[in-house]
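Reading the structure
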Amino acid sequence: DGGITQSPKYLFRKEGQNVTLSCEQNLNHDAMYWYRQDPGQGLRLIYYSQIVNDFQKGDIAEGYSVSREKKESFPLTVTSAQKNPTAFYLCASSAREGAGTEAFFGQGTRLTVV
Amino acid sequence: AQKVTQAQTEISVVEKEDVTLDCVYETRDTTYYLFWYKQPPSGELVFLIRRNSFDEQNEISGRYSWNFQKSTSSFNFTITASQVVDSAVYFCALSVLIKAAGNKLTFGGGTRVLVKP
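Quick caveat, the model's predicted, so the values are computed rather than measured.

1. Things to note about the interface of chain A and chain B
Counting residues at the interface gives 23 residues for chain A and 24 residues for chain B. Overall, the association of chain A and chain B removes approximately 1900 Å² of surface from exposure, summing both partners, and the carbon and sulfur fraction of that is 55%. Of the charged contacts in the structure, one is a salt bridge between Arg-50 of chain B and Glu-102 of chain A, with a shortest N-O distance of 3.5 Å. Counting across the chain A and chain B interface gives four residue pairs in polar contact (both at pLDDT 80 or more). Looking at the side of chain A that touches chain B, the elements with two or more residues in it are strand S4 (31-37), strand S5 (43-51), strand S9 (87-94) and strand S10 (103-105) of chain A. The dominant element in the side of chain A that touches chain B, judged by the number of residues it contributes, is S5 of chain A, at four residues. Class assignment for the residues of the side of chain A that touches chain B results in ten nonpolar, eleven polar and two charged.

Encoded structure:
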């Protein structure tokens, strides 16, 4: 079935470590996005990419990095510079550039700093 | 900048009651899209409905209906005859037409709906 796969579902990070969250889609979508969700809050955009080898910062990019080497993949690295990384991370994709296109979401990765 | 406000943080109803979720948005753009997404306990967001800024016609789709009023910048969503499976967090979102920016969604804070049997 077509969809977005995020892994792992749960991730624990020690202070000072970098961790990478995986996001893969087989929907043949050009655009991919990373959102962060904190308890009781809406989603905030971290990074987005419209095309392979190109990506832009969202509203809260500090302490995060991404790559887009393949159309299907958009991994997110949470670096040690991110001071409060504990959150729920959602990856999304959409078919084409444009405000009216619906986004499809993965099931998320819950990151906890221990 | 865009902003979406969902004033209701949590709504609790008994099964078969109707539930109306409020959403107020802010944007200076004349072309925009409004969405409602559902987030069940499993975590992923599920697309429910979409409306563009030029179409204020209100519609009904099954047990879902929405009321879009540009004059008050509101995009309210109603679940008719609620069921336990409707229990989830519901997000209202806004997307404006920004060149080369794709579908950047601005989300409200979400409303948790609890439907009791």
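2. Some remarks on unusual backbone geometry
A cis geometry characterises the amide bond from Ser-7 of chain A onward to Pro-8 of chain A, with omega recorded as -10 degrees. Relative to the assigned elements, Pro-8 of chain A resides in the loop between strand S1 (4-7) and strand S2 (10-13). Residue Ser-73 of chain B is not a glycine yet carries a positive backbone phi of 50 degrees. Considering the arrangement of structural elements, one finds Ser-73 of chain B in the loop between strand S8 (64-69) and strand S9 (74-79). Exposure remark for Ser-73 of chain B: the relative accessible area of 23% places this residue in the partly exposed category.

Cut-offs and rules
Residues numbered from 1 in each chain as written. Chains lettered and ligands numbered in written order. Predicted model: local features only at pLDDT ≥ 70, side-chain atom pairs only at ≥ 80, totals over all residues. Heavy atoms only, no water. Contact = heavy atoms within 4.5 Å. Buried area = accessible area lost by both parts, 1.4 Å probe. Salt bridge = Lys/Arg side-chain N within 4 Å of Asp/Glu carboxyl O. Polar contact = N/O pair within 3.5 Å; in protein donor to acceptor, adjacent residues only side chain to side chain. Helix = DSSP H or I, 4+ residues; strand = E, 2+ residues; numbered from the N terminus. Nonpolar A, V, L, I, M, F, W, Y, C, P; charged D, E, K, R; others polar. Buried < 20%, exposed > 50% of the residue type's maximum accessible area, 1.4 Å probe, protein only.

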